[in-house]
Amino acid sequence: MGTINKESDPMDQSRDPGTSAPSLRNLQILEAVATGARPMTATEINAGLQLPKPTIHRLVANLEQEGYLSRHLDGRSYLPGPKLRAMMLGVMRSGHHHLPRREVLTRLNEALGETCNLSIPDGDAMIYVDRVETHWPLRIALKVGSRVPLHATSAGKAALAQMSEAALTRFLSKARLTAHTERTITDPQVLRAEIQRIREQGYSTDEQEFVPGMIAVAVPVLDSTGGFCATLSFHAPVQRLTVEAGLKHLPAMRQAAADLAELI
C-alpha cells in the first residue's frame, strides 16, 4: 500500500501537526511572493524561510500546480498565480466602502466631476479594484473587477512605465497588442517610445485608444520606498472633456495618489 504525501494539498490545514505544518509554510511562501513586488526564484523565496532545498522546491511546485503561483517568462522565477491574485483582489474589495482609500477617491471625484478609478496589475491586464462614478448620465460603464489591456489604457501604460527595461522588453516581445480602436498603439517600438515618454512626464493618457469617444489620464501610486502599488485614473467622454483639459487635473490626481500612498 502506498504512503500518503501529507504535502500534496498545499492549502489543507487539517493535516497540519503544528507550526511547521505545510500550510503555514505555504502561506509564508505566498507572503514572500506577494510582498516581493517582482518575480522571485525558489531560492529568493527561501531566503527568509531557510527550508531544505528539496522542501522549498516541492512546495513551490505544488503551489504552481494548484494555481497559487505562476511561472514567469524566464522559466525560473514565480509570480502570484490566478488563485492568489483572486484572493488579493477579494481582500482589497472587502469592506471597501469603509476604507480610507474610498474617501480619497470620493474627494477626487468631487474635485474632477468624473469617474475615478484605482487599479492594479493582474497578469497581462489591469483590474479595477475600486471606483467612484461620475454623477453625469453620460458615462463609460467599467465596473469594479473589470480587466482592461495594459497597452491600450492610461492605467495600463502607467503600470508598464513602472517596469524595468528588461521586463518591458519581455512584455513587448510576447504581448498581443490588439487594436481596440483605430488609435490603439499596436507597434511594439511605438509603444516603447510611449512608455519612455510616460516615465519622463510621470503620467499617462488614453486618447480613445481603448473605447471610442473616451479619454483618460492616470498617475502611479507609489509606496514610501518608491515601489509601484497601483494606478489612479479618471476617464470621461470626449463630448465633455479633452485630454488637454483633463491634464489640468494632474495636481489633484498627484495629491490623491500621495494620500493613497500614506494608506499603504
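Below you will find a few notes about this structure.

Rules used in this analysis
Residues numbered from 1 in each chain as written. Predicted model: local features only at pLDDT ≥ 70, side-chain atom pairs only at ≥ 80, totals over all residues. Heavy atoms only, no water. Helix = DSSP H or I, 4+ residues; strand = E, 2+ residues; numbered from the N terminus. Buried < 20%, exposed > 50% of the residue type's maximum accessible area, 1.4 Å probe, protein only. Pairing = 2+ DSSP bridges. Axes fitted to C-alpha atoms, helices over the stretch in contact; angles between N-to-C directions. Contact = heavy atoms within 4.5 Å. Parallel < 35°, antiparallel > 145°, perpendicular 65-115°, else oblique. Nonpolar A, V, L, I, M, F, W, Y, C, P; charged D, E, K, R; others polar. Expected span 1.5 Å × (residues − 1). Arc of directions from axis to C-beta.

1. Things to note about the environment of Gly 36
With respect to the helices and strands, the residue Gly 36 is situated in helix α1 (residues 22-36). Looking at Gly 36, the relative accessible area reads 26%, which means it is partly exposed. Considering only alpha carbons, one finds Gly 36 and Leu 79, 43 residues apart in sequence, at a separation of 9.1 Å.

2. With respect to the sheet that holds strand β4 (residues 115-122)
Neighbouring strands of a sheet are bound in pairs by backbone hydrogen bonds; such pairs are parallel or else antiparallel. Taken together, the six strands give an open sheet; going across it, the order is β6-β5-β4-β9-β8-β7, and neighbouring strands pair in antiparallel fashion. Two strands bound the open sheet, and with one partner strand each, they are β6 (147-149) and β7 (204-207). Pairs of neighbouring strands in the sheet enclose a mean axial angle of 35°, with direction left out of account. Its contacts with the sheet put helix α5 (residues 100-112) on β4, β5 (125-132) and β9 (228-237), and the angle it makes with β5 is roughly 80°. Helix α10 (residues 250-262) contacts β4, β8 (214-222) and β9 of the sheet and is inclined by roughly 40° relative to β8.

3. A closer look at the packing of α5 against α10
Between two packed helices, what matters for the description is the angle formed by their axes and the separation of those axes. Where α5 meets α10, the axes come as close as 10 Å, and the angle between the chain directions of the two elements is 175°. Classified by the angle between their axes, α5 and α10 sit roughly antiparallel to one another. Contacts between α5 and α10 involve Arg 101, Val 104, Arg 107, Leu 108 and Leu 112 from the first element and Ala 252, Met 253, Ala 256, Asp 259 and Leu 260 from the second. Looking at side-chain class alone, the contact of α5 with α10 contains seven nonpolar, no polar and three charged residues.

4. Considering α10
Between its first and last C-alpha atoms α10 spans 18 Å; for 13 residues at 1.5 Å apiece the expected length is 18 Å, and the two agree. Looking at α10, one finds that the buried residues are Leu 250, Met 253, Ala 256, Ala 257, Leu 260 and Ala 261. In a view along the axis of α10, the buried residues occupy a sector of 145°, so they form one face of it. In α10, the exposed residues that point more than 90 degrees away from the buried face are Pro 251 and Glu 262. Where α10 is buried, its residues touch α5, β4, β8, β9 and α9 (243-246).

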